[in-house]
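Structural overview
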Amino acid sequence: RIVFVGDVHGDFEALLAILRRAGIVEDQGTEQGLCRRREGAEGILVQLGDVVDRGPKMVEAWECLDELQRTSPASAPVYRMLGNHELMWLQGSQSRRKIAQPWALDLLERIRRDVAGGKVLAALALLQGRILVTHAGLRLPMVDRILRTAGIGELLDESSQGSSSSSPPLPAVRQAVEQVVGDREDSEDLRRARGVAAWIQAAMQEAAKECAPGAAKSTCRFQGASGLFSAGPDRGGSGLGGPFWTDFAKVHAQAAQPSLPGVVQVVGHTPSPCDTDHSPGCQPVRYAPRSQVLDVDVAMVYGNNQGYLELTPGGDLVIHRRVSHNPEKWDEVSVTANECQEGSQMSIGRSTYTTMGAQPVRLTQFVGLLVPLGFLLFVAYNILRAGQSRAVASAPSSSAATTNDLVSERGLGGGAWETTSLGAHKENHHLRRWAVAANGHADAADAADADDVRGKWGSSTTGKDE
């Protein structure tokens, strides 16, 4: 059993509710702490990163996951992933987060220490490489670059994927890749996925070890590594965009095939569009059939949602979600349910899953959209009518209105109005010439102006078109 939990962003209460619902921690806190592993609770827990920022209880959320990791047995481990928000903290981009405060400095040092010590991971391969976990996902161009940089093609005896990196990886990084790629009993797809995950993790861990502990602005620059730590153009960066920054749409829309054949990516980072109404048609966990990507960022803070993804021991992928503001009201949606469309299959382990395609808009959802839209149109229409009625009833008689001019009129209150000629001002003479061309010239003196304007705006059979 594997439970995947998305971005937390300081929403400690939502995290705790999800862990209790999944049976990972006790329903009530104990003397040892709220997040101590529930006795007898089996299975792997994976949290996708972005524990910090946004919400008010990021320290409590970090401590909760740390406690859960420490109290979990080796047979039921807890994997904590690094998100782009933790990465930004390490890179010194936290001045707006009141980093001068002692608690923030403390948390920054804990993040650095946990990443350098391998307690918080940049990438993870599960089930021999059938599942690849990163915070935001890998696009095909980034996968190709990692394969070349790490020399994984050479390790797989694939001449077409030979290393072309001008800067060979560090010995520790190379050794980590060799250890997981060398098992020739598995398919090349799985070995390739394990190699990619090992390279990302080792590169991040080695970079974190070089950080200066205790610094208010960390010296973790995370340069190089083939753009691993950088954002792509869609996030204001340059290059391809690494696995901490890529949005869900960019991961699954860039190709009609998975970035890593035979491998399912599980990511967070991109919040679900579901909001607090918990409508039945909105799934907080999204999946892309073509690219084999599952996004488990259910938008805890952004949408007040709670949910998680579970891979059961029997091989079923199940989405759990809260369906109302009642914390006890949850439902389950199986990715392998009967309504799944045929044609696209997701293979994990021994089972083959037919992934759910785009969901049709239900009648209730359609009506639910029409009601507020109709109300807004009704209000706008009545406001417009009221304005027109007032203009007709109260507008003063002005000689300017009968001439070829542009005027502005404004109400001063008590039935009084003020009229200002725009064309009368010397600097706005072009407005008068435009009005002449639009209304037709009133006398011979205006004819030249009107013709001049028509020449600039293009020919027409009538001045009104201009």
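Residues numbered from 1 in each chain as written. Predicted model: local features only at pLDDT ≥ 70, side-chain atom pairs only at ≥ 80, totals over all residues. Heavy atoms only, no water.

Within the secondary structure, Asp 297 sits in the loop between β9 (293-295) and α10 (300-303). C-alpha of Asp 297 to C-alpha of Val 285: the two residues are twelve residues apart in sequence and 6.8 Å apart in space. Asp 297 has contacts with Gly 6, Asp 7, Val 267, Gly 268, His 269, Thr 270, Pro 271, Ser 272 and Pro 284, leaving out every residue within four places of it along the chain. (Helix = DSSP H or I, 4+ residues; strand = E, 2+ residues; numbered from the N terminus. Contact = heavy atoms within 4.5 Å.)

Should pLDDT be low for a region, the predicted coordinates there are not to be read in detail. Put simply, the protein chain has an average pLDDT of 74, and 65% of its residues get 70 or more. Element-level pLDDT for the protein chain is lowest in strand β14 (residues 351-354), with a mean of 36, against a maximum mean of 97 in strand β3 (residues 78-81). Taken as a whole, residues 158-168 scores under 50 in pLDDT and shows 15 contacts with residues more than four places along the chain or in a different chain. Scored below 50 in pLDDT, residues 441-466 makes 35 contacts in the model with residues more than four places away or belonging to other chains. (pLDDT = per-residue confidence, 0-100.)

What follows covers the pattern of salt bridges. Scanning the model with the defined rule gives 15 salt bridges in all. Across the salt bridge formed by Glu 63 and Arg 110, the nearest N and O atoms sit 3.2 Å from each other. Here Arg 110 lies in helix α4 (residues 102-116) and Glu 63 lies in helix α2 (residues 58-71), a separation of 47 residues in the sequence. A relative accessible area of 36% places Glu 63 in the partly exposed class. (Salt bridge = Lys/Arg side-chain N within 4 Å of Asp/Glu carboxyl O. Buried < 20%, exposed > 50% of the residue type's maximum accessible area, 1.4 Å probe, protein only.)

The N-to-C vectors of helix α1 (residues 12-21) and α2 enclose an angle of 30°; their axes lie 9 Å apart at closest approach. By the angle class used here, α1 and α2 are roughly parallel. α1 and α2 meet at a crossing whose hand is right-handed. Taking contact as the criterion, the partners of Phe 12, Leu 15 and Leu 19 in α1 are, on α2, Glu 60, Ala 61, Cys 64, Leu 65 and Leu 68. Here the residues of the contact of α1 with α2 are counted per class, giving seven nonpolar, no polar and one charged. (Axes fitted to C-alpha atoms, helices over the stretch in contact; angles between N-to-C directions. Parallel < 35°, antiparallel > 145°, perpendicular 65-115°, else oblique. Left-handed = near helix turned anticlockwise from the far one by under 90°. Nonpolar A, V, L, I, M, F, W, Y, C, P; charged D, E, K, R; others polar.)

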